[in-house]
Amino acid sequence: MSTEIKCPNCAHTFPIEEVMAEEYKKDLREKMVTFTKQKEDEFAKKQNEFQALQKQQELAFEQQQKNKRQLMSKN
């Protein structure tokens, strides 16, 4: 036997399990949104770090190539 709740405004009755299930779904949805946002932020941070490192390595490589060309032109 399920316990029923009666709406004070419209007098509609419904099982308390529905209320509990909706609260549980809402809680899970909020946790999922928070988790997803956190993971997206972490991914964006790592992506930015990777791009900065890649740019740094490209500049270092270009500088090495420039130095080699300068040495070759002096000889």
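Quick caveat: nothing in here was measured; it's all calculated off a predicted structure.

Trainee: What's the story with the overall build of the chain in this structure? I'm lost.
Mentor: Helices and strands together make up the secondary structure of the chain, namely 1 helix and 2 strands. If you list the helices and strands of the chain from N to C, you get β-β-α. On C-alpha atoms alone, the chain measures out to a radius of gyration of 31 Å, which is more than a quarter above the 11 Å that the 2.2 N^0.38 rule sets for 75 residues. Principal-axis analysis of the C-alpha atoms places the extent of the chain at approximately 95 × 25 × 10 Å. Burial analysis of the chain (75 residues in total) assigns 1% to the buried set.

Trainee: Quick question: what am I supposed to make of unusual backbone geometry here?
Mentor: Across the chain, the bulk of peptide bonds are trans and the bulk of non-glycine residues have phi less than zero. Of note, the phi angle at alanine 11 is positive, near 70°, even though the residue is not glycine. What makes alanine 11 partly exposed here is its relative accessible area of 43%.

Trainee: How should I be thinking about the pattern of salt bridges in this particular structure?
Mentor: When the charged atoms of two side chains lie near each other, side chains of opposite charge can form a pair. Counted according to the given criterion, the structure contains 4 salt bridges. In this structure, lysine 37 engages aspartate 41 in a salt bridge whose closest nitrogen and oxygen atoms are separated by 3.0 Å. Highlighted residues: lysine 37 and aspartate 41, both in helix H1 (residues 16-74), separated by 4 residues, approximately one helical turn.

Trainee: Is there a simple way to think about the environment of phenylalanine 50 in this case?
Mentor: Note that phenylalanine 50 resides in helix H1. Overall, the relative accessible area of 53% leaves phenylalanine 50 in the exposed class. Remark: the alpha-carbon pair of phenylalanine 50 and lysine 25, spanning 25 residues in sequence, is separated by 37 Å.

Trainee: Help me understand the environment of glutamate 49, please; the structure alone is not making it clear to me.
Mentor: On the secondary structure map, glutamate 49 appears in helix H1. The exposure class of glutamate 49 is partly exposed, given its relative accessible area of 45%. Each C-alpha atom of the pair glutamate 49 and lysine 74 lies 38 Å from the other, and the pair is 25 residues apart in sequence.

Trainee: When you look at the state of the cysteines in this model, what are you seeing that I'm missing?
Mentor: Such a bond, covalent and formed between the sulfur atoms of two cysteines, is termed a disulfide. With the rule as written, the count across this model stands at 0 disulfides. Unpaired in terms of disulfides, cysteine 7 finds its nearest cysteine sulfur in cysteine 10, a separation of 3.6 Å. For cysteine 10, a relative accessible area of 54% translates into the label exposed.

What counts, and where the lines are drawn
- Residues numbered from 1 in each chain as written.
- Predicted model: local features only at pLDDT ≥ 70, side-chain atom pairs only at ≥ 80, totals over all residues.
- Heavy atoms only, no water.
- Helix = DSSP H or I, 4+ residues; strand = E, 2+ residues; numbered from the N terminus.
- Rg over C-alpha atoms; globule rule 2.2 N^0.38 Å.
- Buried < 20%, exposed > 50% of the residue type's maximum accessible area, 1.4 Å probe, protein only.
- Salt bridge = Lys/Arg side-chain N within 4 Å of Asp/Glu carboxyl O.
- Disulfide = S-S within 2.5 Å.

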